[in-house]
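Structure at a glance
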Amino acid sequence: MEMGCKKYGNVVQYMCEKIFKGRFTSAMSLFLNSGYIGELVTDKELDYIAPYVKTAHDCLRSKSAQGSDFLGWIDLPECYDKTEFAAIKQSAEKIQNNCDVFIVIGIGGSYLGARAVIEYLKSPLYNNLKKDTPDIYFAGCNISSSYLNELLAICEGRDVSINVISKSGTTTEPAIAFRIFRELLEKKYGTEGAKDHIFVTTDRAKGTLKNFADTMGYQTFVVPDDVGGRFSVLSAVGLLPIAVAGIDIDALMDGAAAARLAYNNPDLATNDCYKYAALRNILYRKGKTTEILVGYETYATMFNEWWKQLYGESEGKDNKGLFPASVIFTTDLHSLGQYIQDGMRTMFETVISVKDPGCTLAVPYDSANIDGLNYLAGRDLDEVNKKAMQGTLFAHMDGGVPNIVIEVEDRSERSLGYMIYFFELACAISGYLLGVNPFDQPGVESYKKNMFALLGKPGYEEQKKLLEERM
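Notes on the structure in this doc start here. (Residues numbered from 1 in each chain as written. Predicted model: local features only at pLDDT ≥ 70, side-chain atom pairs only at ≥ 80, totals over all residues. Heavy atoms only, no water.)

1. Concerning the sheet that holds strand β4 (residues 135-139)
Sheet strands pair by backbone hydrogen bonding; their relative direction is either parallel or antiparallel. Using the following cut-off: A strand pair is defined by DSSP finding two or more bridges across the two strands. A run of H or I in DSSP becomes a helix once it reaches four residues, and a run of E becomes a strand once it reaches two; helices and strands are each numbered from the N terminus. Geometry is summarised by axes, namely lines fitted to C-alpha atoms with helices restricted to the contacting stretch, and by angles between N-to-C directions that run from 0 to 180 degrees.
Spatially, the five strands line up as an open sheet ordered β4-β3-β5-β6-β7, and their pairing is parallel. Edge positions in the sheet fall to β4 and β7 (219-222), since each of these pairs with one other strand and no more. On average, adjacent strands in this sheet sit at an angle of 20° to one another, irrespective of strand direction. Sheet topology note: the strand β3 (residues 101-105)/β4 ladder contains five bridges and is parallel.

In structure tokens form, the structure reads like this:
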């Protein structure tokens, strides 16, 4: 590597030295490489923020800061309900055996986590692959008549089961979808027969949906009281759909448990998770107000969406917070790449690099060499992809966009569970460093209030008058 650096001159040699100095190891499944940040963050700044990180760590572990009622996710990888976990597996097997199409109904954290895990570990083309598990579609995440009509068309002539996920049962988007698909199932199987095809994940003891499910005799699972929606992927909220897809949920939880153990200390020299939180906070204070999560595989697309909700909803308060954006390279290098390279210098990138893709595909040799690509013949596409990543890291760093690289061992349940916990824990620490409560979302209610008023929901008459005066 040193010879390669010298070949391209002193600047690249210096950058390579910084990169290898910036990389340090933590636990087995994930590594943080801070070498692509350049000189924008110094060791002195990390030393300065370290006491604040420790304070955030102590507040989190002692449950003494804002949001302490929603910290159940911290110990969830170890302290989950083993009886319910077994019931999830049993129900997943039942669903696999009794349907061709499985509809997951939920919005926000009630669907993003499950969809992210399924597409990351299986494929964004999961429904088109040959498999012995049902096709899985997601509803209740919008109010689109065209989307729901298309889903209904997909269900025609096929056996269908649904999992409705809602703490209250009254959230507009999933409640509408549940009405529609419950009607479909009752027409197809009858009211009694539909019970074998309806699975409900809701509050443990109260709420409209819980009461209705108990009355109807549906199988129910629990949305934990102390786990907010965006942190709920490792609860029944995410685990039932994930298990239906044939994913090993034991390994997923094992990975998260390993991360929980590895990151239970406030030392920035050994805790990559906390160092990530510290770095993004320092960059934010220096005017880098947008964080772009970068994936180099299409299967990371929905994981990026899950990450955007996690950080956007946790930090975007009190006129503060990094704006979470995402891209998939190299695809988006041909759209947003120009802006990232030469646009406003208000952003940094966090890049996820999967070291072992788990598959190979070589570039074929073409005797005519029409496209001039024979210099790549026989080389694996993952090598080409990683060289594109390295070239992009250098280009963006040269252009004034610092990069944090998260290196993941492989594309496995264990590694993904580890990474999920990494980002959840870093998010909590980041929120406390920012001075906000990472576990509430007061701004989400504003649009609902206006929507209810405009639709004529009882109790919103005064708000409707105010809005009509503005129209």
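2. Re helix α8 (residues 208-216)
Put simply, the rule reads: When a residue's accessible area, from a 1.4 Å probe over protein chains only, is under 20% of the maximum for its type it is buried; when over 50% it is exposed; and in between it is partly exposed. Our arc is simply the arc of the directions from the helix axis toward the C-beta atoms. Residue contacts are counted whenever heavy atoms from the two residues lie within 4.5 Å of one another.
Turning to α8, its buried residues are Leu209, Lys210, Ala213 and Met216. Along the long axis of α8, the arc covered by the buried residues comes to 140°, so they all point the same way. For α8, the secondary structure elements touched by its buried residues are β5 (160-165), α7 (172-194), β6 (198-202) and β7.

3. With respect to helix α11 (residues 272-285)
Heads up, the rule is: Expected span, for any helix, means 1.5 Å times one less than how many residues it has. What qualifies as a polar contact is a pair of N or O atoms within 3.5 Å, subject to a donor-acceptor requirement within protein and to the restriction that residues adjacent in sequence count only when both atoms come from side chains.
When the terminal C-alpha atoms of α11 are compared, their 20 Å separation across 14 residues agrees well with the 20 Å that a helix rising 1.5 Å per residue should span. A large share of α11 lies buried, amounting to 13 of its 14 residues. Regarding α11, its N-cap is Asn271, as a side-chain oxygen of that residue lies 3.1 Å from the backbone nitrogen of Cys273 further along. Count one or two residues on from α11 and you reach Gly287, which has phi positive near 95°.

4. Thoughts on the pattern of salt bridges
Note the cut-off: Salt bridges are defined as contacts in which a side-chain nitrogen from Lys or Arg sits within 4 Å of a carboxyl oxygen from Asp or Glu.
Following the criterion strictly, the structure yields 21 salt bridges and no others. The closest approach of N and O atoms between Asp225 and Lys167, which form a salt bridge, is 2.7 Å. Remark: Lys167 occurs in the loop between β5 and α7 and Asp225 occurs in the loop between β7 and α9 (236-244); sequence separation between them is 58 residues. Across the pair Arg379 and Glu383 runs a salt bridge whose closest N-O atoms are separated by 2.8 Å. Judged by its relative accessible area of 31%, Arg379 is partly exposed. Overlapping salt bridges bring together Lys167, Asp203, Lys206 and Asp225 as one network.

5. Observations regarding the packing of aromatic side chains
The way to describe two aromatic rings as a pair is by their centre distance and the angle between their planes. Stated formally: Pairing of aromatic side chains here covers Phe, Tyr and the six-membered ring of Trp, requires ring centres within 6.5 Å, and sorts the geometry by plane angle: under 30 degrees stacked, over 60 edge-to-face, intermediate tilted. Think of it as a cone above the ring: NZ of Lys or CZ of Arg counts as a charge over the ring if it is within 6 Å of the ring centre and within 35 degrees of the ring normal.
In total, this model carries 24 aromatic pairs according to the counting rule given. We note Lys82 situated over the ring of Tyr80; from NZ or CZ to the ring centre the distance is 4.1 Å.

6. Quick notes on the environment of Glu297
Tracing the sequence through the fold places Glu297 in the loop between β8 (290-295) and α12 (301-315). Sequence-wise, Glu297 and Asp382 are 85 residues apart; in three dimensions their C-alpha atoms are separated by 9.8 Å. Once residues lying within four places of it in the same chain are set aside, the contact partners of Glu297 are Ile328, Phe329, Asp382 and Asn385.

7. Thoughts on the pairing of β4
Selection rule: By the criterion used throughout, a crossover qualifies as right-handed when its path from the first strand across the helix to the second strand runs clockwise, the strands pointing away from the viewer.
By the criterion of burial, β4 is predominantly enclosed, with five of the five residues buried. Burial of the side chains of β4 extends over both faces: Asp135, Tyr137 and Ala139 are buried on one face and Ile136 and Phe138 on the other. The β-α-β motif built from β3, the intervening helix α5 (residues 112-121) and the parallel element β4 has right-handed crossover chirality.

8. Re unusual backbone geometry
Geometrically, the link from Phe329 to Thr330 is a cis peptide bond, its omega value of 10° lying close to zero. Take Thr330: it is sitting in the loop between β9 (323-328) and α13 (337-342). The backbone phi angle of Asp318 is positive, close to 55°, even though this residue is not glycine. Structurally, the position occupied by Asp318 is in the loop between α12 and β9. Note on Asp318: relative accessible area 57%, which makes it exposed. Residues other than glycine seldom take positive phi values, yet Asn319 does so here, at roughly 60°. Following the sequence through the fold, Asn319 ends up in the loop between α12 and β9. Since its relative accessible area comes to 84%, Asn319 is described here as exposed.

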